[in-house]
Amino acid sequence: MSYPQRTVEVVKTGLVIDQSATLLWSDIKRAFIYETESEQEVLTCAEFMLVEGYSVEINSQMPGWDAALEHLPQRINNLVDER
């Protein structure tokens, strides 16, 4: 069984993940950008720590990744790039 590819979209108020959940810029208290490796590839990820106490992750395979990464330094004060 195959699943549809996850997406991320930048909107004025935040990030829309999979056209179903919106992360508001004001709800993101910290973001980490890091790389992970598997046997086949290196994957860049961004994990968003939210004020509600949970986190959401996006990665470089998701359509919309480049646009999201461009907006992060302007929108998130507590951005940590660990690449």
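So, here is what we can say about the structure in this document. (Residues numbered from 1 in each chain as written. Predicted model: local features only at pLDDT ≥ 70, side-chain atom pairs only at ≥ 80, totals over all residues. Heavy atoms only, no water.)

**Concerning the overall build of the chain**
Line of reasoning, step 1. Along its length, the chain carries 1 helix and 7 strands.
Line of reasoning, step 2. Relative to its length of 83 residues, the chain is compact, with a C-alpha radius of gyration of 13 Å against a globular reference of 12 Å.
Line of reasoning, step 3. Principal-axis analysis of the C-alpha atoms places the extent of the chain at approximately 35 × 30 × 25 Å.
Line of reasoning, step 4. Contacts in the chain between residues at least 24 apart in sequence constitute 39% of all its contacts with a sequence separation of at least 6.
Line of reasoning, step 5. Between the mean site of the 6 positive side-chain charges and the mean site of the 14 negative ones, the chain shows a separation of 10 Å. (Helix = DSSP H or I, 4+ residues; strand = E, 2+ residues; numbered from the N terminus. Rg over C-alpha atoms; globule rule 2.2 N^0.38 Å. Contact = heavy atoms within 4.5 Å. Lys, Arg positive; Asp, Glu negative; His and termini not counted. Charge placed at Lys NZ, Arg CZ, Asp CG, Glu CD.)

**A few points about the sheet that holds strand E4 (residues 28-37)**
Line of reasoning, step 1. Strand order in the open sheet formed by 4 strands is E6-E5-E4-E7, with mixed pairing between adjacent strands. Of all the strands in the sheet, the pair left with one neighbour each is strand E6 (55-59) and strand E7 (79-81). On average, each strand axis in the sheet is tilted by 20° relative to the strand beside it, whichever way the strands run.
Line of reasoning, step 2. Sheet analysis places E4 next to E7, joined by 3 bridges and oriented parallel. Looking at E7, one finds that Phe 32 is bridged to Val 80. (Pairing = 2+ DSSP bridges. Axes fitted to C-alpha atoms, helices over the stretch in contact; angles between N-to-C directions.)

**Side note on the nonpolar core**
Line of reasoning, step 1. Among the nonpolar cores identified, the biggest contains 18 residues, and Leu 15, Ile 17, Leu 23, Phe 48 and Ile 58 are the most heavily contacted of them.
Line of reasoning, step 2. Listed by contribution, the elements that provide at least two residues to this core are strand E2 (14-17), E4, strand E5 (42-50), E6 and helix H1 (65-75).
Line of reasoning, step 3. Those residues in contact with Ile 58, other than ones at most four positions away along the chain, are Val 8, Ile 17, Thr 44, Cys 45, Ala 46, Phe 48, Trp 65 and Ala 68. (Core = buried A, V, L, I, M, F, W, Y, C linked by side-chain atoms within 4.5 Å. Buried < 20%, exposed > 50% of the residue type's maximum accessible area, 1.4 Å probe, protein only.)

**Some points on H1**
Line of reasoning, step 1. Three or more residues of H1 are buried, namely Trp 65, Ala 68 and Leu 72. The buried residues of H1 occupy an angular sector of 55° when the element is viewed end-on, so they sit on one face. The exposed residues of H1 that point more than 90 degrees off its buried face are Asp 66, Glu 70, Pro 73 and Gln 74.
Line of reasoning, step 2. Of the surrounding elements, those touching the buried residues of H1 are strand E1 (8-11), E2, E4, E5, E6 and E7. (Arc of directions from axis to C-beta.)

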